[in-house]
Amino acid sequence: MIFLDFTQGLNKLWTEDYNEQRYLLRSILENIRGLKGEALDNLLEYIIKEQMFYVPNDIFMCDVFGEEVKHYSNGIYFGDVCNLCYRLAMPVRLLDNTVIGFIGYTNKDDFDDDNNAFIKYRYPPKYILQKNKYIYITRDEFKKAIDEQYICIVDGLFDQKSLEANGINAVSLCGSSVTEFHKLYLNSIKHKVIIADNDEAGRNMASYIKSVWTDAVEITQSETKDIDSFLHTPDKIKELKNLINTMKLEGFILNHRLKPERFAIRKGD
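All of these numbers come straight from a predicted model, not from anything done at the bench. Counting restarts for each chain: residues are numbered from 1 in the order of the written sequence. Local features in a predicted model are, by the rule used here, given only for residues with pLDDT of at least 70; side-chain atom pairs are given and counted only at 80 or more, and totals for whole chains, interfaces and linings are based on all residues. The side-chain numbers reported here are obtained from all heavy atoms of the structure, hydrogens and water having been left aside.

### Observations regarding empty space enclosed by the protein
Lining residues are defined by having an atom within 4 Å of a point belonging to a cavity or pocket. Those points lie on a 1 Å grid over the protein atoms alone, cavities being sets where a 1.4 Å probe fits but cannot get out and pockets being open sets with protein on both sides within 12 Å along at least five of seven lines. Grid points are joined across faces, edges and corners, and a volume is the space filled by probe spheres set on the points. With the rule as written, the count across this model stands at three cavities of 30 Å³ or more. Amino acid classes used here: Ala, Val, Leu, Ile, Met, Phe, Trp, Tyr, Cys and Pro are nonpolar; Asp, Glu, Lys and Arg are charged; the rest, including Gly, are polar. Taken together, the residues of the lining of the largest cavity break down into five nonpolar, one polar and three charged.

Encoded structure:
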């Protein structure tokens, strides 16, 4: 089997195409995701640091990583068709910082739906990435969460990115279940904070996490479908950051002093 050094290719991409990729990423955040101001700037700088990139055509990945990227073992091509084409490629990093592949993101507003089911996140094949054994967080972010002894557990990958871009520890489990592998990773962090999506999958995730960690604290908001969409204005970013900082000082014990304007907080079911 052929295994590529994706890290080397990423460094090459961001050295040679920095200005073009920065422009494309900014356009995606501004025109497709609707960000502006501080929310846009914070997330843009963060995803550039994480070396995300846009794939504009089927040959782009070959230009960056070489023809070997087409080998089936990499899970990126089906023949000459690139699974990441017209998508934002999000590097899949293990906790040793190895890049084993990419998750392709698109937004429905940016998707030409021709009777195929809409897929927001296109993951690598199971022989590359087993989601039940994976947590979406970088090595440095995980170390910071262990040091600070709290982690926010969210549904989506961009929920995780939006929180981390604003200095809030976060992880996505890439699904609504908690496996033994997830427990192994997250048991090293004392305080779990649930920030779930406002849909059935989000409620299921929150309920399941609280059944696993009965002392988990849940933060909810009713203004948007998820926390990523919520964090689009400076005042909302500031309020959530202030809330998390206050909870850290209080040891994540709920009391009458925690009265956030836009959030509800509860512990357990």
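### Notes on the packing of helix H1 (residues 6-16) against helix H2 (residues 18-32)
The interhelical angle for the contact between H1 and H2, taken along N-to-C directions, is 90°, at an axis separation of 5 Å. The angle between H1 and H2 falls in the class roughly perpendicular. Judged by residue contacts, Leu13, Trp14, Thr15 and Glu16 of H1 engage Tyr18, Gln21, Arg22 and Leu25 from H2. Class assignment for the residues of the contact of H1 with H2 results in four nonpolar, two polar and two charged. An axis is simply a line fitted to the C-alpha atoms; with a helix, the fit covers only the stretch in contact. Between two such axes, the angle follows the N-to-C directions and lies from 0 to 180 degrees. Strands are runs of DSSP state E lasting at least 2 residues, helices are runs of H or I lasting at least 4, and numbering of each runs from the N terminus. Here the angle decides the label: under 35 degrees means roughly parallel, over 145 means roughly antiparallel, 65 to 115 means roughly perpendicular, and every other value means oblique. Note on contacts: a residue pair qualifies if any of its non-hydrogen atoms lie within 4.5 Å across the two residues.

### Considerations on the pattern of salt bridges
In the sections that follow, a salt bridge refers to a side-chain nitrogen of Lys or Arg positioned within 4 Å of a carboxyl oxygen of Asp or Glu. The full count for this structure, using the stated rule, is 14 salt bridges. Members of the salt-bridge network, linked through shared partners, are Glu50, Arg93 and Lys161.

### Brief notes about the packing of helix H3 (residues 37-49) against helix H6 (residues 157-165)
Contact pair H3 / H6: the axes reach a minimum separation of 9 Å and the direction vectors enclose 105°. As summarised for this structure, H3 and H6 are arranged roughly perpendicular, according to the angle between their axes. Judged by residue contacts, Asn42, Leu43 and Tyr46 of H3 engage Phe158, Gln160, Lys161, Ser162, Glu164 and Ala165 from H6.

### Concerning the sheet that holds strand E5 (residues 99-105)
DSSP bridges decide pairing: two strands pair if at least two such bridges lie between them. Read across the sheet, four strands follow the order E1-E4-E5-E6 without closing on themselves; strand pairing throughout is antiparallel. In the strand order of this sheet, the two ends are held by strand E1 (53-55) and strand E6 (121-122), each with one partner. Relative to strand E4 (residues 87-93), E1 runs antiparallel, the two sharing three bridges. Across the sheet, residue Phe53 finds its bridge partner in E4, namely Ala89.

### Points about the packing of aromatic side chains
Pairing of aromatic rings covers Phe, Tyr and Trp, the last through its six-membered ring, and needs centres within 6.5 Å; plane angles under 30 degrees mean stacked, over 60 mean edge-to-face, and all others mean tilted. In this structure the tally under the stated criterion is 12 aromatic pairs. Ring plane angle 75° and centroid distance 5.3 Å describe the contact between Phe6 and Phe65, whose orientation is recorded as edge-to-face. Residue Phe6 is located in helix H1, and its partner Phe65 is located in helix H4 (residues 60-65); the two are separated by 59 residues in the primary sequence. Each member of the pair, Phe6 as well as Phe65, is classed as buried. Aromatic pair Phe53 and Phe60: ring centres 6.2 Å apart, planes at 35°, arrangement tilted. In this structure, Phe53 and Phe60 share a single accessibility class: buried. Linked through ring pairs, Phe6, Phe53, Phe60, Phe65 and Phe102 together constitute an aromatic cluster. We note Arg33 situated over the ring of Phe158; from NZ or CZ to the ring centre the distance is 3.9 Å. Accessibility here uses a 1.4 Å probe with only protein chains present; expressed as a share of the type maximum, an area under 20% marks a residue as buried, one over 50% as exposed, and anything in between as partly exposed. Here, a charge over a ring means that NZ of Lys or CZ of Arg falls within 6 Å of the ring centre while also lying within 35 degrees of the ring normal.

### Section: the layout of surface pockets
Its boundaries defined by the atoms lining it, the largest pocket holds a volume of some 440 Å³. Mapped by element, the contributors of at least two residues to the lining of the largest pocket are H6 and helix H9 (227-230). Looking at which element gives the most residues to the lining of the largest pocket, the answer is H6, with three residues.

### Quick word on the pairing of strand E10 (residues 217-220)
A two-sided burial pattern is seen for E10, the buried positions comprising Val217 and Ile219 on one face and Glu218 and Thr220 on the other. Inspection of the sheet shows strand E9 (residues 191-195) paired to E10 by two bridges, in the parallel sense. Bridging across to E10, Val193 finds its partner in Val217. With respect to chirality, the unit in which E9 leads through helix H8 (residues 200-212) into the neighbouring parallel E10 is right-handed. Strand direction decides the pairing type here: E10 and strand E11 (residues 264-267), joined by four bridges, are antiparallel. Across the sheet, Val217 pairs through a bridge with Lys267, a residue of E11. With its strands directed away from the observer, a crossover is right-handed exactly when the path from the first strand over the helix to the second travels clockwise.

### Details of the sheet that holds E11
Sheet strands associate in pairs through backbone hydrogen bonding, adopting either a parallel or an antiparallel arrangement. Here five strands make up an open sheet; going across it, the order is E8-E7-E9-E10-E11 and the pairing mixed. Bordering the open sheet on either side are strand E8 (170-172) and E11, each of which pairs with just one other strand. Averaged over all pairs of adjacent strands, the angle between strand axes in this sheet comes to 30°, irrespective of strand direction.

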